[in-house]
Amino acid sequence: MFEEYKNVERVKPSGLDLKDRLVSIQRVTKVTKGGRNFGFSAIVLVGDENGVVGYGLGKSKEVAEAISKGVEEAKKNLVRIPILDGTLPHEQYGKYGGAYVFIRPASHGTGVIAGGAVRAVLETVGVKDVLSKNKGSNNPHNVVKGTMDALLNLRSAHTVAKQRGISLSKVFKG
């Protein structure tokens, strides 16, 4: 799911205090010759509120089963996000489908200035101070994936120094 990102650190769910959060649940209908068949689709986030997050989509005929399938899917897709003093290391854009998400670090005490699915993702990651803007589509599936795209493209100062082959002090000069 996250293969195209270069600096993604995959995380195993064992040993983590994971909390799940339901972002959206939708009733879906399949119309057949015999009538309508109803089902449910749930998008769920799982995280430890300390830099680890994953999302999953569960589908079933029952609400509870769709949510539990989404949680299991999310636990398979856990990744570590760099967080710097309760905020982000730098601003970043994310895109998925028609959803464009912009996230920006904020000073201490600002809080999570985000709406809907973006707020859910950022709180599950453990970001305390952030500014964000969602443009384009507000479909929860695309917004969650767009926010994850932005988070997965974040790089910490240590990662930048390692990729450039220079010392950490040289990253901040210049």
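Residues numbered from 1 in each chain as written. Predicted model: local features only at pLDDT ≥ 70, side-chain atom pairs only at ≥ 80, totals over all residues. Heavy atoms only, no water.

**Some details on helix α1 (residues 63-76)**
It helps to recall that an α-helix has 3.6 residues per turn; residues three or four apart then point in one direction. Stated precisely, the cut-off is as follows: Secondary structure elements follow DSSP: runs of H or I of four or more residues count as helices, runs of E of two or more count as strands, with numbering from the N terminus. The length a helix should cover is 1.5 Å for every residue beyond the first. Whether a residue is buried, partly exposed or exposed follows from its accessible area with a 1.4 Å probe, protein chains only, as a fraction of its type maximum: under 20%, in between, or over 50%, in that order. Picture the helix axis, draw a direction to every C-beta atom, and the arc is the one those directions span. For this analysis, residues touch if any pair of their heavy atoms sits within 4.5 Å.
With 14 residues, α1 should reach 20 Å at 1.5 Å per residue; the first-to-last C-alpha distance of 20 Å fits that figure. By the burial criterion, the buried members of α1 are A66, G70, V71 and A74. Down the axis of α1, the smallest arc covering the buried residues is 140 degrees, so these residues share one side. Pointing more than 90 degrees away from the buried face of α1 are the exposed residues A64 and K76. In this structure, the buried side of α1 is in contact with β2 (19-32), β3 (35-47) and β4 (52-60).

**Re the pattern of salt bridges**
Using the following cut-off: In what follows, salt bridge is the name for a side-chain nitrogen of Lys or Arg lying within 4 Å of a carboxyl oxygen of Asp or Glu.
Tallying each qualifying case throughout the model produces five salt bridges. In this structure, E123 engages R21 in a salt bridge whose closest nitrogen and oxygen atoms are separated by 2.6 Å. You can see E123 sitting in helix α2 (residues 116-125) and its partner R21 sitting in strand β2, a full 102 residues away along the chain. Using a relative accessible area of 32% as the deciding quantity, one classes R21 as partly exposed. The shortest N-O distance in the salt bridge between E91 and R104 comes to 3.1 Å.

**Focus on the sheet that holds strand β6 (residues 92-96)**
Rules: Each pair of strands is called paired provided DSSP finds at least two bridges between the two strands. Axes here mean lines fitted to C-alpha atoms, for a helix over just the part in contact, with angles spanning 0 to 180 degrees between N-to-C directions.
Read across the sheet, four strands follow the order β6-β7-β9-β8 without closing on themselves; strand pairing throughout is mixed. The outermost strands of the open sheet, each flanked by one partner alone, are β6 and β8 (112-113). Here β6 runs beside strand β7 (residues 99-105); their pairing, made up of five bridges, is antiparallel. Counted as the bridge partner of Q92 is I103 from β7. Contacts from helix α3 (residues 140-152) reach β6, β7 and β9 (130-136) within the one sheet, and its direction differs from that of β6 by about 140 degrees.

**Remarks on the packing of aromatic side chains**
Stated formally: Any two rings among Phe, Tyr and Trp, with Trp reduced to its six-membered ring, count as a pair given centres within 6.5 Å; such a pair is stacked if its planes are under 30 degrees apart, edge-to-face if over 60, and tilted if neither.
Taken as a whole and judged by the stated rule, the model has one aromatic pair. Considering the side-chain rings of Y93 and F102, the 4.7 Å spacing of their centres and the 40 degrees angle between planes classify their relative orientation as tilted. Residue classification places Y93 among the exposed positions, given a relative accessible area of 52%.

**Quick look at the pairing of β9**
Along any regular strand, the residues point their side chains to alternate faces of the sheet. For the record, the criterion: Assignment of crossover handedness uses the view with strands pointing away from the viewer, where a clockwise path from the first strand over the helix to the second indicates a right-handed crossover.
Of the strand pairs in this sheet, β7 and β9 are connected by seven bridges, and their pairing is antiparallel. When the sheet's bridge partners are listed, R104 is paired in β9 with L131. Between the parallel elements β8 and β9, the chain passes through α2 in a crossover that is left-handed.

**Some points on the nonpolar core**
Nonpolar side chains in soluble globular proteins tend to be buried together. As a reminder, the rule being used: Here, the term nonpolar core denotes a set of buried Ala, Val, Leu, Ile, Met, Phe, Trp, Tyr and Cys residues that are joined through side-chain atoms within 4.5 Å.
Counting 28 residues, the largest nonpolar core has I81, I103, L122, V144, M148 and L151 as the members making the most contacts within it. Contributions of two or more residues to this core are made by β3, β4, β7, α2 and α3. Core analysis: the second largest hydrophobic core is formed by nine residues, V11, A66, A74 and L78 among them.

**Structural notes on unusual backbone geometry**
Unlike most non-glycine residues, E49 shows phi in positive territory, near 60 degrees. Locating E49 in the fold gives a position in the loop between β3 and β4. Overall, the relative accessible area of 38% leaves E49 in the partly exposed class. One non-glycine residue, D85, adopts positive backbone phi at about 55 degrees. Assessed through its relative accessible area of 72%, D85 is described here as exposed.

**Describing a nonpolar patch on the surface**
Let me state the cut-off plainly: Nonpolar side chains (Val, Leu, Ile, Met, Phe, Trp, Tyr) are joined into patches within 5 Å and like charges within 9 Å, using only residues with over 30% relative accessible area and no salt bridge. Exposure was quantified through the Shrake-Rupley algorithm and a 1.4 Å probe, taking into account, for residues, occlusion by the shown protein chains and nothing else.
On the surface, L22, I25 and V63 cluster together to form a nonpolar patch covering roughly 210 Å² of accessible area. Along the chain, L22 turns up in strand β2. Residue class for L22 comes out partly exposed when judged on its relative accessible area of 41%.

Don't take any of this as a statement about function, it's just geometry.
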